[in-house]
Amino acid sequence: MTDTAIQTTLSAEEWKLVMALREIPDSPLRTKVSGLMAELARFIQQPRCLGMQSDGFPCGSPHTSCEECQHMLAVLDDLAARVPVQD
């Protein structure tokens, strides 16, 4: 993997996430997790649900309560319940 150094300012929470990702050993699991995190962030930034909202407009905001966003929240809740939180 070739990396380009990027200079930026991160919050403590962002730094913690970056460091956690960097500490995953180089493996197919790391590749899968990195890809999944990128896709999840992209979806949350700009959800593009296939269905229409009750008002007839397609979903385009994570602040709506469409079925797809609710499904994603349920998936994340399920995942959070399965993964032990470490302090």
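Colleague: Help me understand the overall build of the protein chain in this model?
Modeller: When its secondary structure is counted, the protein chain shows 3 helices and 0 strands. By residue count, 8% of the 87 residues in the protein chain fall in the buried class. Long-range contacts, defined here as pairs at least 24 residues apart, represent 12% of the contacts in the protein chain between residues at least 6 apart. For the protein chain, the computed accessible surface area is about 7900 Å², with 59% contributed by carbon and sulfur atoms.

Colleague: Which parts of the structure should I look at to understand a nonpolar patch on the surface?
Modeller: A surface patch of nonpolar side chains, about 250 Å² in accessible area, is lined by Leu 10, Trp 15 and Val 18. With respect to the secondary-structure elements, Leu 10 resides in the segment before α1 (12-22).

Colleague: Help me out: how do you make sense of the pattern of salt bridges in this one?
Modeller: When the charged atoms of two side chains lie near each other, side chains of opposite charge can form a pair. Taken as a whole and assessed by the stated rule, the structure comprises 2 salt bridges. Here Arg 82 ties to Asp 78 by a salt bridge, and the two come within 2.9 Å at their closest N and O atoms. One end of the pair is Arg 82 and the other is Asp 78, both in helix α3 (residues 67-82) and 4 residues apart, which spans about a single turn. Given a relative accessible area of 38%, Asp 78 falls into the partly exposed group.

Colleague: I keep staring at the packing of α1 against helix α2 (residues 28-45) and nothing clicks. Help me out?
Modeller: Helix-helix packing is characterised by the crossing angle of the two axes and by the distance between the axes. Two numbers describe how α1 lies on α2: the axes approach to 10 Å, and their chain directions differ by 150°. By the angle class used here, α1 and α2 are roughly antiparallel. Side by side, α1 and α2 meet where Leu 17, Leu 21 and Arg 22 of the first sit next to Arg 30, Val 33 and Met 37 of the second.

Colleague: Honestly, the confidence of the model for the protein chain in this entry has me stumped. Any pointers?
Modeller: Fine structural detail should not be taken from predicted coordinates in areas where pLDDT scores are low. Counting all residues, the mean pLDDT for the protein chain is 79, and 74% of those residues have values of 70 or more. The secondary structure element of the protein chain with the lowest average pLDDT is α3, at 82, and the one with the highest is α1, at 92.

Colleague: Quick question: what am I supposed to make of the environment of Ile 24 here?
Modeller: For Ile 24, the position within the fold is in the loop between α1 and α2. The spacing of Ile 24 and Ser 34 is 10 residues in sequence and 9.7 Å in space, taken between C-alpha atoms. Among residues more than four places away in sequence, those in contact with Ile 24 are Arg 30 and Val 33.

Thresholds, definitions, all that
Position numbers for residues start from 1 in each chain and track the written sequence from start to end. Local features in this predicted model are restricted to residues whose pLDDT is 70 or higher, and side-chain atom pairs enter the listing and the counts only when it is 80 or higher, whereas totals over whole chains, interfaces and linings include all residues. Water and hydrogen atoms play no part in the side-chain values, which are based on all heavy atoms of the structure. Per the convention used, a helix needs a DSSP run of H or I reaching at least four residues, while a strand needs a run of E reaching at least two, with both numbered from the N terminus. Remark: exposure states derive from per-residue accessible area (1.4 Å probe, protein chains only) relative to the maximum for the residue type, with buried under 20%, exposed over 50%, and partly exposed in between. Any two residues whose heavy atoms approach within 4.5 Å at even a single point are treated as in contact. Areas reported as accessible are Shrake-Rupley estimates using a 1.4 Å probe. Residue values count occlusion only from the protein chains shown. Nonpolar side chains (Val, Leu, Ile, Met, Phe, Trp, Tyr) within 5 Å and like charges within 9 Å form the patches, drawn only from residues with over 30% relative accessible area and no salt bridge. Throughout this description, the term salt bridge denotes a Lys or Arg side-chain nitrogen within 4 Å of a carboxyl oxygen of Asp or Glu. Only C-alpha atoms enter the line fits that serve as axes; for helices the fit covers just the stretch in contact. Angles between N-to-C directions range over 0 to 180 degrees. Here roughly perpendicular refers to angles of 65 to 115 degrees, roughly parallel to angles under 35, roughly antiparallel to angles over 145, and oblique to all remaining angles. Confidence of the predictor in every single residue is expressed as pLDDT, which spans 0 to 100.

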